[in-house]
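# Tertiary structure, described
Given next are the chains, with one letter for each unit.
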Amino acid sequence: MSTITLIILASAFLTYLTRIGGHLILSRFGTLNLRVEAALNAVPAAVLTTLVAPTFFTHSWQEAAALTIAGLAALRLPLLGMFAVGWVAIVALRSMSGT
């Protein structure tokens, strides 16, 4: 087996362990405290912010504009629609500016 295959399999296994581990730990508690539940509900927004904010502030204006357009589209469209609008925006903005 090649090294790349081993790395992919190990990554898949470790990803599975982290996902099932969180479920197993939380299932032992039965019911969650309201504060813990609120904190867990905030995790997706925090992760999205850590992925989007650096791009918004460190890349060109095209990326910042496309993220803004996609963010506004997310207020009205489902997830796939938001991705489509963001993709079209970045392609259009980059092609207009020549980058």
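Only a predicted model underlies this, so the values are computations on that prediction, with no experimental measurement involved.

## Focus on the overall build of the protein
- Looking only at helices and strands, the protein has four helices and zero strands in total.
- The helix and strand sequence of the protein, counted from the amino end, reads α-α-α-α.
- Expected size for 99 residues packed as a compact globule is a radius of gyration near 13 Å; at 19 Å, the protein overshoots this value by more than 25%.
- Expressed as lengths along the three principal axes of its C-alpha atoms, the size of the protein is roughly 55 × 45 × 25 Å.
- Counting every position in the protein, which comprises 99 residues, the buried fraction comes to 11%.
- Contacts spanning at least 24 positions in sequence make up 38% of the contacts within the protein whose residues lie at least 6 apart.
- With the model as given, the accessible surface of the protein reaches about 8100 Å², and the carbon-plus-sulfur share is 74%.

## Thoughts on the confidence of the model for the protein
- Scored by pLDDT, the protein has a mean of 87; 99% of the residues are at 70 or more.
- The secondary structure element of the protein with the lowest average pLDDT is helix α2 (residues 34–58), at 82, and the one with the highest is helix α3 (residues 61–74), at 91.

## Quick word on the layout of surface pockets
- The computed volume of the largest pocket comes to approximately 340 Å³.
- In terms of lining residues, the largest pocket is bounded by 13 residues, among which Leu48, Val52, Leu67, Ala70 and Met82 are the most central.
- Elements that contribute at least two residues to the lining of the largest pocket include exactly α2, α3 and α4 (79–97).
- If you tally residues by element for the lining of the largest pocket, the top one is α3, at five residues.
- Of the residues that constitute the lining of the largest pocket, the class distribution is 10 nonpolar, three polar and no charged.

## Here we look at the packing of aromatic side chains
- Applying the stated criterion across every chain yields a total of one aromatic pair.
- Consider the rings of phenylalanine 56 and phenylalanine 57, whose centres lie 5.0 Å apart with planes at 80°: the pair is edge-to-face.
- Phenylalanine 56 gets classed as partly exposed once you look at its relative accessible area, which sits at 32%.

## As for α4
- Over its 19 residues, α4 extends 27 Å from the first C-alpha to the last, a length consistent with the 27 Å expected when each residue adds 1.5 Å.
- The complete set of buried residues in α4 reads Met82, Gly86, Ala89, Ile90 and Leu93. For α4, the angular spread of the buried residues around the axis is 95°, confining them to a single face. Summarising the geometry of α4, the exposed residues directed more than 90 degrees from the buried face are Leu80, Trp87 and Ser95.
- Check the buried side of α4 and you find it contacts α3.
- Two residues or fewer after α4 comes glycine 98, characterised by a positive phi angle close to 85°.

How each quantity is defined
- Each chain carries its own residue numbering, running from 1 in the direction its sequence is written.
- Local features in a predicted model are, by the rule used here, given only for residues with pLDDT of at least 70; side-chain atom pairs are given and counted only at 80 or more, and totals for whole chains, interfaces and linings are based on all residues.
- Water and hydrogen atoms play no part in the side-chain values, which are based on all heavy atoms of the structure.
- Segments assigned H or I by DSSP are reported as helices when at least four residues long, segments assigned E as strands when at least two residues long, and all are numbered from the N terminus.
- Radius of gyration: over C-alpha atoms. The globule rule applied is 2.2 Å multiplied by the number of residues raised to the 0.38 power.
- Only protein chains enter the area calculation, which uses a 1.4 Å probe; residues under 20% of their type maximum are buried, those over 50% are exposed, and those in between are partly exposed.
- Whether two residues touch is decided by their heavy atoms; if any such pair falls within 4.5 Å, the residues are in contact.
- All accessible areas in this document rest on Shrake-Rupley with a 1.4 Å probe, and a residue is counted as covered only by the protein chains that are shown.
- Per-residue confidence from the predictor is given as pLDDT, running between 0 and 100.
- For each structure, a 1 Å grid was placed over the protein atoms alone; sets of points admitting a 1.4 Å probe that cannot get out are labelled cavities, open sets with protein on both sides within 12 Å along at least five of seven lines are labelled pockets, and lining residues have an atom within 4 Å of a point.
- Grid points are joined across faces, edges and corners, and a volume is the space filled by probe spheres set on the points.
- When residues are sorted by character, Ala, Val, Leu, Ile, Met, Phe, Trp, Tyr, Cys and Pro go into the nonpolar class, Asp, Glu, Lys and Arg into the charged class, and all the rest, Gly among them, into the polar class.
- Any two rings among Phe, Tyr and Trp, with Trp reduced to its six-membered ring, count as a pair given centres within 6.5 Å; such a pair is stacked if its planes are under 30 degrees apart, edge-to-face if over 60, and tilted if neither.
- Each residue after the first adds 1.5 Å to the expected span of a helix.
- Working definition: the arc comes from the directions between the helix axis and the C-beta atoms, pointing outward to the latter.

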